[in-house]
Amino acid sequence: MAGFDVVALGELLIDFTECGVSPQGNPVLEANPGGAPCNVLSMLSGLGHKTAFVGKVGKDMFGTQLENALKEVGISTLGLKKDEEIPTTLAFVHTQPDGDREFSFYRKPGADMVLSVEDLDTELISNCRIFHFGTLSMTHEVCREATCRAIGMAEEAGALISFDPNLREPLWNSLEEAKEQVAYGLRHCHILKISDNEIQWFTGEEDYDAGIRKLQEEYEIPLILLSMGKEGSRAYTKGFRVEQPGVLQKNTIETTGAGDTFCACVLHYVLEHGWKEYDQEELTEMLAFANAAASIITTRKGALRVMPKKEEVLAERGKANG
């Protein structure tokens, strides 16, 4: 099997997002393909990288829609399984006036939860430069075991490990359990993308730098990216911290996929420049591109099928610098 640049494992689901009101006054919902790992892969595919997804959907109309969406954006479905009995996971997304989101998940169970060790394509996972995962595939025992086994396969093959906790509190039996699984991810990753509220939650530190220092001391992660929404982002190595301001859009409508787009652009930089200790100038370039891309996706509904093109990102970054 020819190798892939990035293989991601996790949830693939339908995000039902509000799309106006019917003549009867009922909310109209649009069925958008979603799931953080595939949002990351979609952006990477658009940037010219070879990507593949490992996960499970139901053998139903939504599963078919999702499979077709992956193929449409250039993500390999070699690792996609379909469950005969468990339906595709659904998420209903309510966008608040400030653009933040509330999620209601229909996942008791959902097909992504029953991805098992037996479902894993060993050859696929062992033939990638970067293996990427989050914690939604670690909320329950069956998919947790599959996730940990896949991480082990990727490590044995010498892949870089990328981790985005992407905490969704309602999906966990307890936040203590969530912390245990986030800690597992932190112990195994080379690249961590974490959000401002996640670092505060996990470390108990209000100050971001103090929280990151805790992670660096305990887990020795070589590269940590902190996303801070409209405030921008930071990159931390063992030597220094770099910060870039956010790129603000007048016509932002929702933040779905912004963190995933940002994460994809970081992985794009690593693939383009090789894995090494980056200097401050390189990290500044990495963050500027990633912030610009994330800002563009906030102006679009959904994420997976509407990722910005490289030319758009470069133009947006140019405007921001200008």
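In this text, all values refer to a predicted model and were calculated from it rather than measured experimentally.

Student: Go over the packing of aromatic side chains with me, naming the residues and quoting the values.
Tutor: For any two aromatic rings, the description comes down to two numbers: the centre-to-centre distance and the angle of the planes. What the rule picks out here adds up to nine aromatic pairs. With centroids separated by 5.1 Å and ring planes inclined at 70 degrees, the aromatic side chains of Phe92 and Tyr106 adopt a geometry described as edge-to-face. One end of the pair, Phe92, is in strand β6 (residues 90-95); the other, Tyr106, is in strand β7 (residues 101-106), and 14 residues separate them in sequence. Residue Tyr106 is classed as exposed on the basis of its relative accessible area of 53%. Members of the aromatic cluster, connected to one another through ring pairs, are Phe16, Phe62, Phe92 and Tyr106. Here the basic side chain of Lys50 rests over the ring of Phe4, its NZ or CZ set 4.8 Å away from the ring centre. Sitting over the face of the ring of Trp201, Lys179 holds its NZ or CZ atom 5.5 Å from the ring centroid.

Student: An account of unusual backbone geometry is needed here, citing residue identities and associated values.
Tutor: The amide bond that connects Lys108 to the next residue, Pro109, takes the cis arrangement and shows omega of -5 degrees. Checked against the element boundaries, Pro109 lands in the loop between β7 and α3 (122-125). Even without glycine at this site, Glu220 takes up a positive phi of about 55 degrees. One can find Glu220 in the loop between α7 (208-219) and β11 (223-227).

Student: Talk me through the pattern of salt bridges; I want residue IDs and the actual numbers.
Tutor: Applying the stated criterion to the full structure yields 19 salt bridges. Between Lys276 and Glu282 there is a salt bridge whose closest N-O contact spans 2.8 Å. When its relative accessible area of 41% is taken as the criterion, Lys276 is described as partly exposed.

Student: Outline the pairing of strand β5 (residues 75-83), supporting the account with residue identities and numerical values.
Tutor: Pairing of strand β4 (residues 51-58) with β5 involves seven bridges; the strand directions are parallel. Note that in β5 the partner of Val54 across the bridge is Gly79. Traced from β4 through helix α2 (residues 61-73) to β5, the parallel crossover comes out right-handed.

Student: Talk me through α7; I want residue IDs and the actual numbers.
Tutor: Each turn of an α-helix holds 3.6 residues, which means side chains three or four residues apart point in the same direction. Over its twelve residues, α7 runs 16 Å from end to end, which matches the ideal 16 Å to within 8%, given 1.5 Å per residue. All of the buried residues along α7 are Asp209, Ala210, Gly211, Ile212, Leu215 and Tyr219. On the buried face of α7, the contacting elements are α5 (175-188), β10 (191-195), α6 (196-203), β11, β12 (233-236) and β13 (241-244). If you check the start of α7, you find a side-chain oxygen 3.3 Å away from the backbone N of Asp209, and it comes from Asp207. Note on α7: the residue one or two positions beyond its end, Glu220, has a positive phi of about 55 degrees.

Student: How would you sum up the layout of surface pockets? Please name residues and give values.
Tutor: Unfilled space is identified by rolling a water-sized probe across the atoms. A volume near 250 Å³ is recorded for the second largest pocket. A breakdown of the residues in the lining of the second largest pocket according to their chemical character gives six nonpolar, three polar and four charged.

Student: I'd like to hear about the nonpolar core, residue by residue, with values.
Tutor: Inside soluble globular proteins, nonpolar side chains tend to come together where they are buried. Counting 53 residues, the largest nonpolar core has Leu12, Met43, Phe53, Leu225 and Met286 as the members making the most contacts within it. Aside from chain neighbours lying at most four places away, what touches Met286 is Leu223, Leu225, Val266, Tyr269, Val270 and Tyr278. Within the second largest apolar cluster, 42 residues are counted, among which are Ala52, Met153, Ile161 and Leu167.

Cut-offs and rules
Residues numbered from 1 in each chain as written. Predicted model: local features only at pLDDT ≥ 70, side-chain atom pairs only at ≥ 80, totals over all residues. Heavy atoms only, no water. Phe/Tyr/Trp six-rings, centres within 6.5 Å; stacked < 30°, edge-to-face > 60°. Helix = DSSP H or I, 4+ residues; strand = E, 2+ residues; numbered from the N terminus. Buried < 20%, exposed > 50% of the residue type's maximum accessible area, 1.4 Å probe, protein only. Lys NZ or Arg CZ within 6 Å of the ring centre and 35° of its normal. Salt bridge = Lys/Arg side-chain N within 4 Å of Asp/Glu carboxyl O. Pairing = 2+ DSSP bridges. Right-handed = clockwise from strand over helix to strand, strands pointing away. Expected span 1.5 Å × (residues − 1). Contact = heavy atoms within 4.5 Å. Polar contact = N/O pair within 3.5 Å; in protein donor to acceptor, adjacent residues only side chain to side chain. 1 Å grid on protein atoms, 1.4 Å probe; cavity = no way out; pocket = protein on both sides within 12 Å on 5 of 7 lines; lining within 4 Å. Points joined across faces, edges and corners; volume = space filled by probe spheres on them. Nonpolar A, V, L, I, M, F, W, Y, C, P; charged D, E, K, R; others polar. Core = buried A, V, L, I, M, F, W, Y, C linked by side-chain atoms within 4.5 Å.

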